[in-house]
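Observations on the three-dimensional arrangement
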Amino acid sequence: MMARNILNSPIYKQLHLGAFGRTLAISGTQQKMDGVLIPHREYHEVCGDNPAPGMLQGIDHLRDPRLNKGLAFTLEERQVLGIHGLQPARFKTQEEQLQLCRISIDRYKEDLNKYLYLVDLQDRNERLFFRLLSENVKNMMPIVYTPTVGLACQKFGLIYRRPRGLFVTVNDRGHVFDVIKNWPEPDVRAICVTDGERILGLGDLGANGMGIPVGKLSLYTALAGIKPHQCLPILLDVGTNNRDLLEDPLYIGLRQERVTGDAYDEFIDEFMRAVVKKYGQNVLIQFEDFGNHNAFRFLDKYRHNYCTFNDDIQGTAAVAVGGLYASKRLTGKRFADNQILFVGAGEAAIGIADLCVRAMMVEGCTLEEARNKIWMVDIDGLLVKGREHLEGHKAYYAKDVQQMKDLLEIVKTIKPSILIGASAQPGLFTPDILGEMAENNPKPIIFALSNPTDRAECTAQQAFEHTEGRVIFASGSPFPPVQHNGKTYYPGQGNNAYIFPGIALGVIATETHHIPEDMFLIAAQELADCVTEADLMKGSLYPDLARVKEVSLNIAIGITKFAYVKGLASTYPEPHDKRQWLLDQLYNFNYESSMPITWPWPKAPEIKTRELVPTKLTEREE
């Protein structure tokens, strides 16, 4: 029986033969040392932060990005780990490696090449990648996130190198859990999932959309210190309606049109059940870049049964409302004192509007009063009652007025104090519209939030030029500084990266099972509180991106406090010093010793033993 158990062991799979203890390896991955079979983990199978040293081969420390330190391995480490001679004789510090990384990435002139360099760095040295990103947020985030990640998704089939995340296809229905089990890391706390239907402002990119959850979760770690092994990017491949991709020989996804209807819904339901079955009820599931027709209904369907949120709806809302909170210090107005016009009525606009309504209600407005202060325009014009195609959340903001389609006419009629663009239609805010906003308001608030940069409703320069420099401006993608009347302005970017990493950290740390809408209002307030007077004076409603880690931590603290006050947290006891409690859980970007941990024992007391006398076992021995 013992021999059979050993034979069937998934780790050893060995067979003992004969009296001499010879060992025959059944698995080709087993190794012998001095004739003794030892366990071995394949490349990139190491899990968690602290792999057991006995489970690793020497060269694994160079091949696995979680373990590799490049030339930063000390002489002692190289000798003990069995990698001495596999590297040149030079020893480098992590700081020297960072300097070389900055030089290397600056050599590239095209952002896509910079993106590929960073992907390669993440694949070979994880800690170095995340430290480089976290310490150079302003320069690196536009590469791993918007706008460059959009270009990377468009060319994903060409630049694809190796797997990072899970591809679950609609053909796997009935076996989604079996696919998820193939992910080697058991301790997953956060999942970012997309079906690729609405990638940024680029439309249906199908399986090429994997670049989005990969990029989002990179920021979980770089900006909030969430451990990378706890993050899982997932692409749900249900096909694509992008004819260009279907005919592209380099396309990596299912070559079929999108599955819709009951089959699609059942697939999403199975996916949600499978991840909770595998990782627990409180695993965070971030929905990303789903089509408008699915995004809201999935949020409404799952938010009370799963720990989930939609970043395009709620994350965008929080960062925009955070900017509006900060603008109150410039205008002196309350939320309820504004008329807000949204151009675009998709998930981003609806999400921002809903959170604005919540902010107004906190100020004392009723739900109806708050909604009456918000106007919306979509491709068919102003949302008015009785109009066709007024489905879902759009109906909340339809007004009992005459139908209008011309945007300039709408601005002249409504006279909004806040104009928010979420249309992905470049140039929609014309000089006449910007001028009309300046005519009606001493300090017009104009947000051009569409991504990537070339889809923005107007540029920062245009906004300042056509409002006599009085505009309070923010954008969704970065713009260069603006020169106007001898003054330089540095317009802020309303980037979701200010919001979702901090919310995720707070939710994961407290093991909150559901994410109420108030958490996003708290995040918006915490973001606004991080805006300094110096930020406002230079024309920005947002903190410098170099401070985004501080913002993420403050948001996480606010979320943590709220979770315990409302009884949503399931991590006990409640920590007294919540900041330090969160800091103690963060990822360490710096190299740690690769040596096995050793420790001394105290010297044993000297105790005189009895004389050794043979013991009689039976009377027969006499």
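Reading guide: rules and limits
Residues numbered from 1 in each chain as written. Predicted model: local features only at pLDDT ≥ 70, side-chain atom pairs only at ≥ 80, totals over all residues. Heavy atoms only, no water. Helix = DSSP H or I, 4+ residues; strand = E, 2+ residues; numbered from the N terminus. Buried < 20%, exposed > 50% of the residue type's maximum accessible area, 1.4 Å probe, protein only. Contact = heavy atoms within 4.5 Å. Patch = residues over 30% accessible without salt bridge, like charges linked within 9 Å, V, L, I, M, F, W, Y side chains within 5 Å. Areas by Shrake-Rupley, 256 points an atom, 1.4 Å probe, with all protein chains shown as cover. Salt bridge = Lys/Arg side-chain N within 4 Å of Asp/Glu carboxyl O. Disulfide = S-S within 2.5 Å. Pairing = 2+ DSSP bridges. Axes fitted to C-alpha atoms, helices over the stretch in contact; angles between N-to-C directions.

Looking at the overall build of the chain
- For the chain, the count of helices and strands is 25 helices and 18 strands.
- Each principal axis of the C-alpha distribution contributes one length, and for the chain these read about 115 × 55 × 50 Å.
- Out of the 622 residues in the chain, the part that is buried amounts to 54%.
- Expressed as a percentage of contacts within the chain between residues at least 6 apart in sequence, the contacts between residues at least 24 apart total 68%.

Considering a nonpolar patch on the surface
- Together, I597, W599 and W601 make up an exposed nonpolar region whose accessible area comes to about 540 Å².
- When you line up the elements, I597 lands in the segment after α25 (578-583).
- What makes I597 exposed here is its relative accessible area of 74%.

Some remarks on the pattern of salt bridges
- Inspection of every chain in the model, using the stated rule, returns 35 salt bridges.
- Measuring nitrogen to oxygen at the nearest pair gives 3.3 Å for the salt bridge that ties E257 to R243. With E257 in the loop between α12 (243-246) and α13 (261-279) and R243 in helix α12, the pair connects residues that are 14 residues apart, well separated along the chain.
- Residue classification places E257 among the exposed residues on the basis of a relative accessible area of 51%.
- According to the relative accessible area criterion, R243 is partly exposed, its value standing at 46%.
- Across the pair D378 and K394 runs a salt bridge, and its minimum N-O distance is 3.0 Å.

Looking at the state of the cysteines
- According to the stated counting rule, one finds zero disulfides in the structure shown.
- The closest cysteine sulfur to the non-disulfide-bonded C231 is located on C192, 9.6 Å from its own sulfur.
- We note that C365 lacks a disulfide partner, and the nearest cysteine sulfur, in C356, lies 12 Å from it.
- A residue is classified by how much of its surface remains accessible, and C365, at 14% relative accessible area, is buried.

Focus on the sheet that holds strand β5 (residues 166-169)
- Read from one edge of the open sheet, five strands run β5-β7-β6-β8-β9, paired in parallel fashion. Of all strands in the sheet, those bounded by a partner on one side alone are β5 and β9 (308-310). Taken over all neighbouring pairs, the strand axes of this sheet differ in orientation by 25° on average, direction set aside.
- Relative to strand β7 (residues 231-237), β5 runs parallel, the two sharing four bridges. By the bridge assignment, V168 is partnered in β7 with L236.
- Relative to β9, helix α14 (residues 292-302) is tilted by about 160°, and along the sheet it contacts β8 (284-287) and β9.
- Docked against the sheet, helix α21 (residues 500-510) engages β6 (190-194), β8 and β9, running at close to 160° with respect to β8.

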